[in-house]
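In case you want the letters, here they are:
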Amino acid sequence: MNVSSKAGVEEYDLVILGGGRGLTVAAWTFAAQGQRVAVIERKYIGGSCPNIACLPSKNIIHSAKVASYFRRAREFGIVDGNFSVDMRAVRERKCKMVSGWNDMYLENYKTTGAELILGSGQFIGPKTLEVALQDGTRRQLRGTNVIINTGTHASSEPIPGLVDAQPLAHSEALELDEVPTHLIVLGSGYVGLEFAQAMHRFGSRATVLGRDAQLLPSEDEDVSEAIQRLCEDEGIDLILNATVKRIAGKSGESVRILLEKNGNGTAKTLEGSHFLLAIGRTPNTRGIGLELASVELSDRWYIKVNEHLETTARGVWAIGEVAGSLQFTHVSIHDFRVVHASLTAAKRVTTGRQIPLCLFTDPEFARFGLTEKEAKAQGIAYRLFKMPMEAVMRASTLSETRGFLKALVETKSDRILGFTAFGVGAAEIMTSVQIAMSAGIPYTTLRDTILTHPTLVEGLIPLFSSSASTQERADEGNRAGRKQETVSW
């Protein structure tokens, strides 16, 4: 039972504000260990990931892939390729999956004894929160430790007409019950590209607007170029290196967007039926009383934390996006592990950790470790192994040969520095290399291991058996040379 003080404040070992994936795991773990745990969540059981983000979007992306197979039916020997898309059914499949995960989360709360409190919480003092419950009543909770995981929301910009246009956020795009005639996406990052491809495969005309001159500018040029070619080949319109000056109309009816080309000022008007805003995320830190808890923010409104994810208030921790961590669920879960270690006298920090990245277009882009850009900037000499996906036998059986695999290996050792995959099953292939890198296993072990044939991961054998080019350490003139090196096997 919960223990209440004379002042009516309920005492807990751990109070969690925000029920995201990382903190649901935290709640279940600490509660299963016998601690009194309360989770305050405004709306989504399990947070955004299983409800309005990672899992629902991948569910709809897979439906779009099935649609793409129908369009390619003759390629696979299927004569009748006629079909139509029922977005209500697409949404229902997604909703059924979400409901299943919600049931699992609720069962875990019941099994572990962690208490889920649905309501809006805010700090009213050090490690003390007040919750406005859905029935109109209020509760006050104090934790020996408090963890904040309030996440982020879609960012906006002061563009004339943007608010009146009522653009879709990613969560609302997941609820569409019709295929947009023409979806315009402002934002050329992960969310924008994934949605643009999915909706285009359902039958929508799709246009992606980006302010940078290339897609994913922080990645290596071959990655950016490959993803741009993918969009162009599928018929997705790309308008890059442009700025939105004004918007008129309303998403879902008709929108008109005035663009200006960066550099030369050339203007263009674009018209569409739906408008998706995907320009980034803003932390949910305002209006939750952080100043009353002595929790400080950065200049970008993220919560300040140290390498143990403790805030400026002792005993108050923050994890996930709100703490400035990369916006991936797997990072939030690792953040929990860091906090758990700190609360159980173990040693784990966020500094120096490497994060796997994956863009779930079709095919996928996945990366772990150094890019070529990063290696060159740091003056690190490396061997580059690279081969096209068409050399992976399993990919050829699937008729999914677009893309490539590449790996950076340290010149003076066999240590893998980085791995990139753009192709079918990229994330799964990358994970095998990631485990090897994390364990310090040399690339030769992957090359020489007997892997099942035919599988996608088996492609690592011809990759690491190929001839590698060597990128020498940059000289004093900041010039780099590359030479071919044949690797025996």
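Rules used in this analysis
Residues numbered from 1 in each chain as written. Predicted model: local features only at pLDDT ≥ 70, side-chain atom pairs only at ≥ 80, totals over all residues. Heavy atoms only, no water. Helix = DSSP H or I, 4+ residues; strand = E, 2+ residues; numbered from the N terminus. Rg over C-alpha atoms; globule rule 2.2 N^0.38 Å. Buried < 20%, exposed > 50% of the residue type's maximum accessible area, 1.4 Å probe, protein only. Areas by Shrake-Rupley, 256 points an atom, 1.4 Å probe, with all protein chains shown as cover. Lys, Arg positive; Asp, Glu negative; His and termini not counted. Charge placed at Lys NZ, Arg CZ, Asp CG, Glu CD. Pairing = 2+ DSSP bridges. Axes fitted to C-alpha atoms, helices over the stretch in contact; angles between N-to-C directions. Contact = heavy atoms within 4.5 Å. pLDDT = per-residue confidence, 0-100.

**Focus on the overall build of the protein**
Scanning the protein from N- to C-terminus turns up 14 helices and 23 strands. Taking 23 Å as the expected radius of gyration for a compact globule of 489 residues, we find that the protein reaches 25 Å, a close match to that expectation. Across its three principal directions, the C-alpha atoms of the protein cover 75 × 55 × 50 Å. Expressed as a percentage of the 489 residues in the protein, the buried residues total 50%. Here the protein displays about 23,000 Å² of accessible surface, and carbon together with sulfur accounts for 50% of that area. For the protein, the centre of its 54 positive side-chain charges and the centre of its 55 negative side-chain charges are spaced 2 Å apart.

**Comments concerning the pairing of strand E6 (residues 138–148)**
Pairing analysis gives 7 bridges linking strand E2 (residues 10–17) to E6, with the strands arranged parallel. Across the sheet, residue Glu11 finds its bridge partner in E6, namely Arg142. Strand direction decides the pairing type here: strand E5 (residues 128–133) and E6, joined by 5 bridges, are antiparallel. Within the sheet, the bridge partner assigned to Glu130 lies in E6 and is Gln140. Relative to strand E16 (residues 316–318), E6 runs parallel, the two sharing 3 bridges. Its bridge partner lying in E16, Val146 is registered against Val316.

**Brief notes about the pairing of E5**
Across the 6 residues of E5, 5 count as buried, placing the element largely inside the fold. In this structure, strand E4 (residues 115–125) lies alongside E5, joined through 6 bridges in antiparallel fashion. Looking across to E5, one finds that Gly125 is bridged to Thr128. Where E4 folds back onto E5 in an antiparallel hairpin, the turn is made up of 2 residues, including Lys127, whose phi is positive at roughly 55°. Between E5 and E6, which pair antiparallel and follow one another directly, the connecting turn spans 4 residues, one of which, Gly136, has a positive phi of 95°.

**What to know about the sheet that holds strand E12 (residues 254–261)**
Within the open sheet, the 3 strands sit side by side as E11-E12-E13. Their pairing is antiparallel. The open sheet has two free edges, formed respectively by strand E11 (242–250) and strand E13 (267–272), since each of these has just one partner strand. Direction aside, the axes of adjacent strands within the sheet are offset by 20° on average. Examined bridge by bridge, E11 and E12 share 8 bridges and lie antiparallel to one another. In the strand pairing of E12, Arg246 is matched with Leu258.

**Looking at the side chain of Thr24**
Note on placement: Thr24 falls in helix H1 (residues 21–32). With relative accessibility at 0%, the residue Thr24 sits in the buried group. Dropping the residues within four chain positions of it, Thr24 is found in contact with Gly19, Gly46, Tyr105 and Tyr109.

**Description of the sheet that holds strand E14 (residues 274–277)**
The 4 strands are arranged E10-E9-E8-E14 in an open sheet whose pairing can be described as parallel. Edge positions in the sheet fall to strand E10 (237–239) and E14, since each has one partner strand and no second. Taken over all neighbouring pairs, the strand axes of this sheet differ in orientation by 20° on average, direction set aside. Here 3 bridges tie strand E9 (residues 205–209) to E10, and the two strands are oriented parallel to one another. Note that in E10 the partner of Leu209 across the bridge is Ile239. Running at roughly 165° to E9, helix H7 (residues 190–202) makes contact with strand E8 (182–186), E9 and E14 of the sheet.

**Details of the confidence of the model for the protein**
Per-residue confidence for the protein gives a mean pLDDT of 93, with 95% of residues at or over 70. For residues 1–6, every residue scores under 50 in pLDDT, and the model assigns this stretch 13 contacts once sequence neighbours within four places are set aside. Segment residues 484–489 is flagged for pLDDT under 50; beyond a separation of four residues in sequence, or across chains, it makes 19 contacts in the model.

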